[in-house]
Amino acid sequence: MEQNFIVTDEHGLHARPASAVVKAATPFAADLKLVAGEKAVNLKSLMSVLSMGLTKGSAFTLRAEGDDAQQALDTVGQALVDQGLAQRA
């Protein structure tokens, strides 16, 4: 399952808010990926998320597989919106 987003934060997906997103993803058993272009990284790793270098206007996808995949997508997607980092595309 997937959900698509666009970065809305002026500073992109930077350390402080990205850590909140990673924290939201960590409790879930699902395999969570952040996908942008041809690159996919583990959403539970702050360094991996930061390595994507997502800036304002960047499109990305959250991808989840596993037993609690839908709940994980909903929770992490809401964290992105609540933090003012991204909007659903």
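Right above here is the structure, for reference.
Here goes a summary of the coordinates provided. These figures come from a predicted structure and were not determined experimentally.

## Points about helix 1 (residues 15-25)
And then number 1: Where helix 1 is concerned, the buried positions are Pro17, Ala18, Val21, Val22, Ala24 and Ala25. The buried residues of helix 1 occupy an angular sector of 160 degrees when the element is viewed end-on, so they sit on one face. Turned more than 90 degrees off the buried face of helix 1, the exposed positions are Arg16 and Lys23.
And then number 2: Structurally, helix 1 contributes buried residues whose contacts are with strand 2 (31-36), helix 2 (46-51) and helix 3 (69-82).

## Examining the pairing of strand 2
And then number 1: Two strands pair when backbone bridges link them, and strand 2 and strand 4 (residues 59-65) are joined in this way by 5 bridges, in the antiparallel orientation. Opposite leucine 32, over in strand 4, you have alanine 64 as the bridge partner.
And then number 2: Linking strand 2 back to strand 3 (residues 39-42) in an antiparallel pair, the connection comprises 2 residues, with glycine 37 at a positive phi of about 65 degrees.

## Topic: the nonpolar core
And then number 1: If you look at the biggest cluster of nonpolar residues, it comprises 29 residues, and the most contacted ones within it are Leu13, Leu34, Leu43, Leu54, Phe60, Leu62 and Leu80.
And then number 2: Of all elements in the fold, only strand 1 (2-7), helix 1, strand 2, strand 4 and helix 3 reach the threshold of two or more residues within this core.
And then number 3: Among the elements that line this core, the one with the most residues is helix 3, at 6 residues.
And then number 4: Sequence-distant contacts of leucine 43, defined by excluding residues within four places in its chain, comprise Val21, Val22, Ala25, Leu32, Lys33, Leu34, Val49, Leu62 and Val76.

## Quick word on the sheet that holds strand 4
And then number 1: The 5 strands are arranged 3-2-4-1-5 in an open sheet whose pairing can be described as antiparallel. A strand with exactly one partner marks an edge of an open sheet, and here the two such strands are strand 3 and strand 5 (86-88). Each strand axis lies, on average, 30 degrees off the axis of its neighbour in the sheet, ignoring direction.
And then number 2: Pairing of strand 2 with strand 3 involves 4 bridges; the strand directions are antiparallel. Counterpart to valine 35 in the pairing with strand 3 is alanine 40.

## Let's talk about the packing of aromatic side chains
And then number 1: Enumeration over the complete set of coordinates arrives at 1 aromatic pair.
And then number 2: On the basis of an interplanar angle of 15 degrees and a centroid distance of 5.6 Å, the ring pair of phenylalanine 5 and phenylalanine 60 is categorised as stacked. Here the residue phenylalanine 5 occupies a position in strand 1, and phenylalanine 60 occupies one in strand 4, the gap between them amounting to 55 residues. You'll find phenylalanine 5 and phenylalanine 60 in the same group, each marked buried.

Quick notes on the rules
Residues numbered from 1 in each chain as written. Predicted model: local features only at pLDDT ≥ 70, side-chain atom pairs only at ≥ 80, totals over all residues. Heavy atoms only, no water. Buried < 20%, exposed > 50% of the residue type's maximum accessible area, 1.4 Å probe, protein only. Helix = DSSP H or I, 4+ residues; strand = E, 2+ residues; numbered from the N terminus. Arc of directions from axis to C-beta. Contact = heavy atoms within 4.5 Å. Pairing = 2+ DSSP bridges. Core = buried A, V, L, I, M, F, W, Y, C linked by side-chain atoms within 4.5 Å. Axes fitted to C-alpha atoms, helices over the stretch in contact; angles between N-to-C directions. Phe/Tyr/Trp six-rings, centres within 6.5 Å; stacked < 30°, edge-to-face > 60°.

Function cannot be read off these values alone, since they describe shape.
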